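Single-letter residue listing:
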Amino acid sequence: MIFHALAVRNTARWSPALFEKPQDARHDWQIASALALRIRARRAAAKPDPSRLGLAKRMLHKAIGLPGAIEAQARFRTTPKQQVDVLLRTGRRGLSVATLAQTPGGVDLGPLQPQLPGRLHTKNKRIDLAVPLVLDALPALLDAAPVTTEGDLLLVGRRSQRDGNSWMHNLPRLTSGRPRHRLLIHPDDAATRDISDGDVVEVTSSTGKVRIDTHVSDEMMPGVVSLPHGYGHAMPGVQLRNATTLPGVSINDLTDPERTESIGANAVLNGIPVTIQLVPPTAARTT
């Protein structure tokens, strides 16, 4: 459904699953629903203030009179197929999953029509980006800047055109060519540590350490090093024939799972203080 956000025409198509789900496995939506229901059960005793409900939820309660518990059951115990079917049936075109299943190629409902600002539920039909929740959190965000000591560098991630996601590493055509797994480091930072292009270094953070070969590049700014996203497949139990043969390490081995930002609760994946130390060639060959 997400690709319709990039579309220029209003289309709909129902594609059934290619493979049957094993009996001892769960769909992603089943896992997410079970987790959501458990969290909801733990919070039930807290009795949240109705004034803190989100705008969309307050409008839903007002429009259809659903109490929170019933709404949660409807959301978390119905399948995605059932939810999509309800959305299709309540639309203006009178579609359903059943009607789409009879048209494997899908239906074209014409060009997209403007829906804004009519779809906005704010009184002034505008979106306020400077909300107090975000503005009030800015001081804490500045205070949470990484604490570095002398000699530390800041680690950031990166992706290349053919490394958008880790599953792309299992395709030989996408992993051929120049190596893209290496640690990028600025020439000045490399020189002060006696590091040459191609040398193996040990990267250490507060939560872990990895060994990786380097690429000295002035594309990096001084004081910053970069590891790519999605490498480090050569682990026990990984069943990816091509990806497990690739060099590289996982940047997640250096991130701190306890460090999150306060508003979205996202993990902090960039600006990680690390130290870089050259690994002697004899030691590098044995790792």
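Placed above this text is the structure.
**Focus: the overall build of the protein chain**
No. 1: Helix and strand counts for the protein chain come out as nine helices and eight strands.
No. 2: Out of the 287 residues belonging to the protein chain, those deemed buried represent 24%.
No. 3: Summarising the internal contacts of the protein chain: among those between residues at least 6 apart in sequence, 67% fall at separations of at least 24.
No. 4: In the form shown here, the protein chain has an accessible surface area of approximately 21000 Å², with 57% of it arising from carbon and sulfur atoms.

**Topic: the nonpolar core**
No. 1: Counting residues in hydrophobic clusters, the biggest one holds 18 residues, and the most contacted among them are Leu155, Leu183, Val203, Val225, Leu227, Val274 and Ile276.
No. 2: Among the elements of the structure, strand S3 (153-158), strand S4 (183-185), strand S5 (200-204), strand S6 (209-216), strand S7 (224-228) and strand S8 (272-278) are those that each provide at least two residues to this core.
No. 3: At three residues, S8 tops the list of elements feeding residues into this core.
No. 4: For leucine 227, the contacting residues outside a window of four places in its chain are Leu155, Val156, Gly157, Arg158, His181, Leu183, Ile212, Val249, Ile251 and Leu254.

**Quick look at the environment of arginine 75**
No. 1: Structurally, the position occupied by arginine 75 is in helix H3 (residues 68-76).
No. 2: As a C-alpha pair, arginine 75 and serine 33 span 42 residues in sequence and 8.4 Å in three-dimensional space.

**Regarding the pattern of salt bridges**
No. 1: Applying the stated criterion across every chain yields a total of five salt bridges.
No. 2: Aspartate 85 is the salt-bridge partner of arginine 89, the closest N and O atoms lying 2.7 Å from each other. Taken together, the residues span about one helical turn, with arginine 89 and aspartate 85 both in helix H4 (residues 80-89) at a distance of four residues.
No. 3: Taking the relative accessible area as the measure of exposure, arginine 89 reaches 53% and is therefore exposed.
No. 4: Residue class for aspartate 85 comes out buried when judged on its relative accessible area of 18%.
No. 5: One salt bridge in this structure joins glutamate 202 and lysine 209, with 3.9 Å as the shortest N-O distance.

**Description of the sheet that holds S6**
Note: strands within a sheet are paired through backbone hydrogen bonds, in either parallel or antiparallel orientation.
No. 1: Spatially, the six strands close up into a barrel ordered S3-S7-S4-S6-S5-S8, and their pairing is mixed. On average, each strand axis in the sheet is inclined to that of its neighbour by 45 degrees, with strand direction left out of account.
No. 2: With three bridges joining them, S4 and S6 adopt parallel strand pairing. Residue pairing across strands places leucine 183 opposite threonine 214, the latter belonging to S6.

**Observations concerning H4**
No. 1: Residues of H4 that are buried include every one of Val84, Asp85 and Leu88, and no others. Seen end-on, H4 carries its buried residues on one side only, within an arc spanning 105 degrees.
No. 2: Its buried side turned inward, H4 meets helix H5 (97-101).

**A short note on the side chain of asparagine 242**
No. 1: If you trace the backbone, asparagine 242 turns up in the loop between S7 and S8.
No. 2: Overall, the relative accessible area of 18% leaves asparagine 242 in the buried class.
No. 3: Within the structure, asparagine 242 has its side chain in polar contact with the backbone oxygen of histidine 169 (distance 2.9 Å).

**Digging into unusual backbone geometry**
No. 1: Cis geometry marks the peptide bond from leucine 116 to proline 117; its omega dihedral reads 10 degrees.
No. 2: Mapping proline 117 onto the fold places it in the loop between strand S2 (107-111) and helix H6 (132-143).
No. 3: One non-glycine residue, lysine 125, lies in positive phi territory at about 55 degrees.
No. 4: What makes lysine 125 partly exposed here is its relative accessible area of 37%.
No. 5: The phi dihedral of aspartate 194 falls on the positive side, at around 55 degrees, and the residue is not glycine.
No. 6: By secondary structure assignment, the location of aspartate 194 is in the loop between helix H8 (187-192) and S5.

Reading the values: the criteria
Counting restarts for each chain, with residues numbered from 1 along the sequence as it is written. pLDDT decides what is reported in this predicted model: residues at 70 or higher carry local features, side-chain atom pairs at 80 or more are listed and counted, and totals for whole chains, interfaces and linings draw on all residues regardless. To get the side-chain values, all heavy atoms of the structure are used, and hydrogens and water are removed first. For helices the rule is a DSSP run of H or I covering at least 4 residues; for strands it is a run of E covering at least 2, with both sets numbered from the N terminus onward. For every residue, the accessible area (1.4 Å probe, protein chains only) is compared with the maximum for its type, and the residue is labelled buried under 20%, exposed over 50%, or partly exposed between those bounds. For this analysis, residues touch if any pair of their heavy atoms sits within 4.5 Å. Using the Shrake-Rupley algorithm and a 1.4 Å probe, accessible areas are obtained, with residue cover drawn only from the displayed protein chains. As used here, the term nonpolar core means buried Ala, Val, Leu, Ile, Met, Phe, Trp, Tyr and Cys residues forming a set that is joined through side-chain atoms within 4.5 Å. When a carboxyl oxygen of Asp or Glu lies within 4 Å of a side-chain nitrogen of Lys or Arg, that pair is called a salt bridge. The pairing criterion is simple: DSSP has to find at least two bridges between the two strands. Angles shown run from 0 to 180 degrees and are taken between the N-to-C directions of axes, each axis being a line fitted to C-alpha atoms and, for helices, limited to the stretch in contact. This arc corresponds to the set of directions leading from the helix axis out to the C-beta atoms. Pairing of N or O atoms within 3.5 Å defines a polar contact, subject to two protein rules: one partner must be a possible hydrogen donor and the other a possible acceptor, and residues neighboring in sequence count only if both atoms are side-chain atoms.

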